[in-house]
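# Structure at a glance
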Amino acid sequence: VETRKTIKKPNGPVSLLKEQIVFLREFFAEFKSTGTCFPSSKWAADALTRPIQGERPAQNILELGPGTGSVTIKILEEMQEGDRLTICEINPRFMQALKKMLLENEDYQKHRDKVTFFEGPVQSLPVEGKFNTIVCALPFLNFDLKTIQEIFARLKEVSLPDTVMTYYEYIGLKEIRRIVSSAEKKQLIRESEDFFEEVFEKHQMHRSKVWRNLLPIYIYKLEKMAA
Ligand SMILES: C[S@@+](CC[C@H](N)C(=O)[O-])C[C@H]1O[C@@H](n2cnc3c(N)ncnc32)[C@H](O)[C@@H]1O
């Protein structure tokens, strides 16, 4: 039996162009928090959502930094009976564009009473329930050590012992940043990198690559986020 997938999101050239315009505008207006001028590809979204794919118990899912929603639509596609999703976005313009886009998304219509939006920084995310999976698109390389530490402290508070988190980083960006930065900046970068080394060890980091993305990315998977 041939099953045809319904279109989950209008993805004609006009919609893609609109999404790209929103992204570019925020890239220039809010460079530090946006971090990139391109939304993630469907291959990146697929890799980031792997922990919620396939057979599994119901999950409480947290998405950090949805932007225009390229990863959100994949999370919604993978949502199963009993799942809940919280979407946390710091930028009100992204949040507005996301909510507008979701109105036309069939998976969102199906699960909308299980979806909660939090507009604000993840550092202020209310600790109401704990999450099983965190799908994160925050541009950590743009943040200083204090911000990164605050984010990980909050994530620890909202995690269960077996919570898994995925996030991405552009391949080679760390190295370029090291080369082009001033001596003073290099020291700050080293401090953040040392922090991440500890995170990787504590959370049994696993890293894979996605080439089909503008630009290619590493996907990081961290485990036991409450540790
Ligand atoms: C690199 S973009 C990713 C957008 C989208 N998920 C994608 O992959 O195309 C980073 C997103 O994180 C959001 N963001 C940055 N800092 C944040 C914070 N502290 N709390 C919540 N969202 C944040 C930005 O506004 C932006 O939407």
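Note that residues are indexed from 1 along each chain, following the sequence as it is written. pLDDT decides what is reported in this predicted model: residues at 70 or higher carry local features, side-chain atom pairs at 80 or more are listed and counted, and totals for whole chains, interfaces and linings draw on all residues regardless. Side-chain measures were taken over the full set of non-hydrogen atoms in the model, leaving aside hydrogen atoms and water.

### Topic: the layout of surface pockets
Which entries qualify depends on this criterion: Think of a 1 Å grid over the protein atoms and nothing else: a 1.4 Å probe that fits but is trapped marks a cavity, an open set flanked by protein within 12 Å on at least five of seven lines marks a pocket, and residues with an atom within 4 Å of a point count as lining. Grid points are joined across faces, edges and corners, and a volume is the space filled by probe spheres set on the points. Each helix corresponds to a stretch of at least 4 residues labelled H or I by DSSP, and each strand to a stretch of at least 2 residues labelled E; elements are numbered beginning at the N terminus.
Approximately 570 Å³ is the volume found for the second largest pocket. Taken together, 30 residues line the second largest pocket, and the ones lying closest to its centre are Pro-139, Leu-141, Asn-142, Leu-173 and Arg-177. Of all elements in the fold, only α2 (31-34), β5 (159-170), α8 (173-180) and α9 (183-202) reach the threshold of two or more residues within the lining of the second largest pocket. It is α9 that contributes the most residues to the lining of the second largest pocket, 5 residues altogether.

### Regarding the confidence of the model for the protein
To be explicit about the condition: Confidence per residue, as judged by the predictor, is encoded in pLDDT with a range of 0 to 100. A contact between two residues is defined here by any heavy atoms of the two lying within 4.5 Å.
In this model, the protein carries an average pLDDT of 93, and 95% of its residues clear a pLDDT of 70 or more. Predicted confidence for residues 1-7 stays below pLDDT 50, and this span has 3 contacts to residues more than four positions away or in other chains.

### Describing a nonpolar patch on the surface
This is how it is decided: Grouping into patches uses exposed residues only, defined as over 30% relative accessible area, and leaves out salt-bridged ones; the cut-off is 9 Å for like charges and 5 Å for nonpolar side chains (Val, Leu, Ile, Met, Phe, Trp, Tyr). All accessible-area figures derive from a Shrake-Rupley calculation using a 1.4 Å probe, and residue coverage is judged against the displayed protein chains alone. Only one rule defines a salt bridge in this text: a Lys or Arg side-chain nitrogen within 4 Å of an Asp or Glu carboxyl oxygen.
Together, Leu-173, Ile-176, Ile-179 and Val-180 give the surface a local cluster of nonpolar side chains, amounting to about 410 Å² of exposed area. Relative to the helices and strands, Val-180 is located in helix α8.

### Some words on the site of the ligand
Inclusion rule: A cutoff of 4 Å decides nearness: a residue is near a molecule or strand if any of its heavy atoms lies inside that distance of it. What qualifies as a polar contact is a pair of N or O atoms within 3.5 Å, subject to a donor-acceptor requirement within protein and to the restriction that residues adjacent in sequence count only when both atoms come from side chains. Charged means Asp, Glu, Lys or Arg here, nonpolar means Ala, Val, Leu, Ile, Met, Phe, Trp, Tyr, Cys or Pro, and polar covers whatever is left, Gly included.
In the neighbourhood of the ligand, 25 residues make up the surrounding shell, with Thr-34, Ser-40, Gly-65, Glu-89 and Val-122 lying closest. Gly-65 is positioned such that a nitrogen or oxygen atom in its backbone is 2.7 Å from a nitrogen atom of the ligand. Burial of the ligand by the surrounding chains reaches 98%, relative to a free accessible area of 600 Å². Among the elements of the structure, α2 and β2 (84-89) are those that each provide at least two residues to the shell around the ligand. For the shell around the ligand, a count of residues per class yields 14 nonpolar, 10 polar and 1 charged.

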